[in-house]
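Understanding the architecture of this molecule
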Amino acid sequence: MADIEILEQELTGAVDNAGDEAALEAVRVAALGKNGAVTALLKTLGAMSPDERKTRGASINMLKDRVAAVINARREVLKSAALDVRLASETIDVTLPLREAPAEAGRIHPLSQVWDEVTTIFADMGFAVAEGPDIETDDYNFTRLNFPEGHPAREMHDTFYFNPKEDGSRLLLRTHTSPVQVRTMLSKTPPIRVICPGRTYRSDSDQTHTPMFHQVEGLVIDKSSHLGHLKWILHEFCKAFFEVDNVNMRFRPSFFPFTEPSLEVDIQCRRDKNEIRFGEGEDWLEILGCGMVHSNVLKLCGIDPEVYQGFAWGMGIDRIAMLKYGIADLRQLFEGDVRWLNHYGFRPLEIPTLAGGLST
Ligand code: DAH
């Protein structure tokens, strides 16, 4: 019996000395594991006589149970001590400021915001949004818009062409959103009332030109729409967009191959030192081109000019964004500088609505 008592004292001492759960586990393995001391005692039973085995077996099994109980009790103590240490080291300072959630920290680019503002205003007037591809055919970008082959207006567009195909035709990056007019007229029957916002491309780069820029096109085709309607639409648009009660506008005669008559529109403004005010003042600022859709364009797009008529306009989204938000250099819009975006960008959940305000 003495050996059992000695072993028990040894093991109990080792359990008490175990400073953490890993050390305790080592003691458990050394006692009760496959090659442990208590297991080794149990293995000696096989060589004993039946009587001896009965008494000796019972005491070894009791030893095993007591050792297991001591180990379990010690484990509970160590566990709760470890938890106390962890709780003490992981205290949370509830007075620290919250880190911004991603939806708070991100910013919407002013161009995306203006794009949304423009579509919101025209959607309210009953316009649908039409889209077309950035890569266009010469036919849709020029020919069906009444730019004859070799016409000087083609040269003015500084077009990016792709390499010619085998048949000699060349695809191009659309130089304006007007080809979406063509696509819309070819695929829909009037009445048509759409706007077409999108990316456009010209080989040009300076403070007011970038090789990629944005336009929004408008197109109305029915049996009776005329320039008076166009004027009203543009006037209402400018008031809503620039968020002023009145805007003075000037319609000047101009030339575009796809409209007849063609006009350019200026809005009145006042330039103070660092600020522009819209709607009043002494200066004029050009913001868009427009006109009645040329009968050749209607014909080339499968619409009978004897029955239908309508008007169109095109304006630079980047330009009106710069005017409205006081951005001096067009190139800044495309530099991807996060500091600039933090300053000029909009909070993601500030979605422009006519009721709630476009740019609050
Ligand atoms: N497509 C013209 C341009 O990029 C802009 C334009 C002018 C569009 C008059 C129109 C329009 O629809 O009627 O220079």
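Residues numbered from 1 in each chain as written. Predicted model: local features only at pLDDT ≥ 70, side-chain atom pairs only at ≥ 80, totals over all residues. Heavy atoms only, no water.

Turning next to the side chain of Asp 222. Examined against the element boundaries, Asp 222 turns out to sit in strand β5 (residues 212–222). The side chain of Asp 222 is buried and forms no salt bridge, while Arg 193, the nearest opposite charge, is found at 5.8 Å. Polar contacts involving the side chain of Asp 222 include one to the main-chain amide nitrogen of Ser 225, which spans 2.8 Å. The contact partners of Asp 222, leaving out residues within four places of it in the chain, are Pro 191, Val 307, Tyr 308 and Gln 309. (Helix = DSSP H or I, 4+ residues; strand = E, 2+ residues; numbered from the N terminus. Buried < 20%, exposed > 50% of the residue type's maximum accessible area, 1.4 Å probe, protein only. Lys, Arg positive; Asp, Glu negative; His and termini not counted. Salt bridge = Lys/Arg side-chain N within 4 Å of Asp/Glu carboxyl O. Polar contact = N/O pair within 3.5 Å; in protein donor to acceptor, adjacent residues only side chain to side chain. Contact = heavy atoms within 4.5 Å.)

Below, the discussion takes up the site of the ligand. Looking at the ligand, there are 15 residues lining it, with His 176, Ser 178, Arg 202, Gln 215 and Glu 217 nearest. In this structure, a nitrogen atom belonging to the ligand sits 3.0 Å away from a side-chain N or O atom of Ser 178. One nitrogen or oxygen atom from the main chain of Trp 313 is found 3.3 Å from an oxygen atom belonging to the ligand. Within the complex, 91% of the 360 Å² of free accessible area of the ligand lies under protein. (Near = heavy atom within 4 Å. Areas by Shrake-Rupley, 256 points an atom, 1.4 Å probe, with all protein chains shown as cover.)

Right, let's talk about the domain arrangement of the chain for a bit. Segmenting the chain into domains produces domain 1 (2–89) and domain 2 (106–344). The C-alpha-based centres of domain 1 and domain 2 are spaced at 85 Å. (Domains from an automatic or database assignment.)

Side chains of a nonpolar character, in soluble globular proteins, are inclined to be buried together. Counting residues in each nonpolar core, the largest one holds 44 residues, and the members touching the most others are Phe 122, Phe 237, Ile 267 and Trp 313. Only α6 (110–124), β5, α10 (227–242), β7 (259–271), β9 (283–293), β10 (309–316) and α12 (317–325) provide two or more residues apiece to this core. Ranked by the residues each element gives to this core, the list is headed by α10, at 7 residues. Residues contacting Phe 237, with those up to four places away along its chain left out, are Val 118, Ile 121, Phe 122, Met 125, Met 315 and Ile 320. Counting residues in each nonpolar core, the second largest holds 22 residues, with Ala 130, Ala 153, Val 182 and Ile 221 among its members. (Core = buried A, V, L, I, M, F, W, Y, C linked by side-chain atoms within 4.5 Å.)

The next thing to look at is the packing of aromatic side chains. Geometrically, a pair of aromatic rings is defined through the distance of the ring centres and the angle of the planes. Enumeration over the complete set of coordinates arrives at 12 aromatic pairs. One cation-aromatic arrangement involves Arg 170 over Tyr 161; the distance from NZ or CZ to the ring centre is 3.9 Å. Stacked on the ring of Phe 241, the Lys or Arg Lys 324 has its end atom at 4.5 Å from the ring centre. (Phe/Tyr/Trp six-rings, centres within 6.5 Å; stacked < 30°, edge-to-face > 60°. Lys NZ or Arg CZ within 6 Å of the ring centre and 35° of its normal.)

Below, the discussion takes up the pattern of salt bridges. Inspection of the entire model under this criterion finds 20 salt bridges. The salt bridge partner of Lys 239 is Glu 236, with a shortest N-O separation of 3.3 Å. Of this pair, Lys 239 and Glu 236 both sit in helix α10, 3 residues apart, which is roughly one turn of the helix. The class of Lys 239 is partly exposed, set by a relative accessible area of 21%. Members of the salt-bridge network, linked through shared partners, are Arg 250, Arg 252, Glu 264, Asp 266 and Glu 286.

Direction of pairing for β5 relative to β10: antiparallel, over a ladder of 8 bridges. Residue pairing in the sheet places Gln 215 in a bridge with Gly 316 of β10. (Pairing = 2+ DSSP bridges.)

Attention now moves to the packing of helix α1 (residues 2–17) against helix α4 (residues 50–89). Where α1 contacts α4, the two axes come as close as 10 Å, and the packing angle between them is 10°. When the axis of α1 is compared with that of α4, the two are roughly parallel. Between α1 and α4, the contacting residues are Asp 3, Ile 4, Leu 7, Glu 8, Leu 11, Thr 12, Val 15 and Asp 16 on the first element and Arg 56, Ser 59, Ile 60, Leu 63, Arg 66, Val 67, Val 70, Ile 71 and Arg 74 on the second. A breakdown of the residues in the contact of α1 with α4 according to their chemical character gives 9 nonpolar, 2 polar and 6 charged. (Axes fitted to C-alpha atoms, helices over the stretch in contact; angles between N-to-C directions. Parallel < 35°, antiparallel > 145°, perpendicular 65-115°, else oblique. Nonpolar A, V, L, I, M, F, W, Y, C, P; charged D, E, K, R; others polar.)

Our focus in this paragraph is the side chain of Thr 210. Relative to the elements of secondary structure, Thr 210 occurs in the loop between β4 (192–201) and β5. Residue classification places Thr 210 among the buried positions, given a relative accessible area of 7%. A distance of 2.6 Å separates a polar atom in the side chain of Thr 210 from the backbone oxygen of Met 212. Once residues within four sequence positions are removed from consideration, Thr 210 is found in contact with Arg 202, Asp 204, Leu 330, Arg 331 and Phe 334.

Cis rather than trans, the peptide bond between Pro 190 and Pro 191 has omega equal to 5°. By the element assignment, Pro 191 lies in the loop between α9 (178–187) and β4. For the bond running from Glu 260 to Pro 261, omega is -5°, close enough to zero to count as cis. Along the chain, Pro 261 turns up in strand β7. Even without glycine at this site, Asn 146 takes up a positive phi of about 70°. Here Asn 146 shows up in the loop between α7 (138–141) and α8 (152–155). Judged by its relative accessible area of 15%, Asn 146 is buried. Within the chain, Asp 158 stands out as a residue other than glycine whose phi angle is a positive 45°. Relative to the helices and strands, Asp 158 is located in the loop between α8 and β3 (171–173). Relative accessible area serves as the criterion here: at 33%, Asp 158 is assigned to the partly exposed category.

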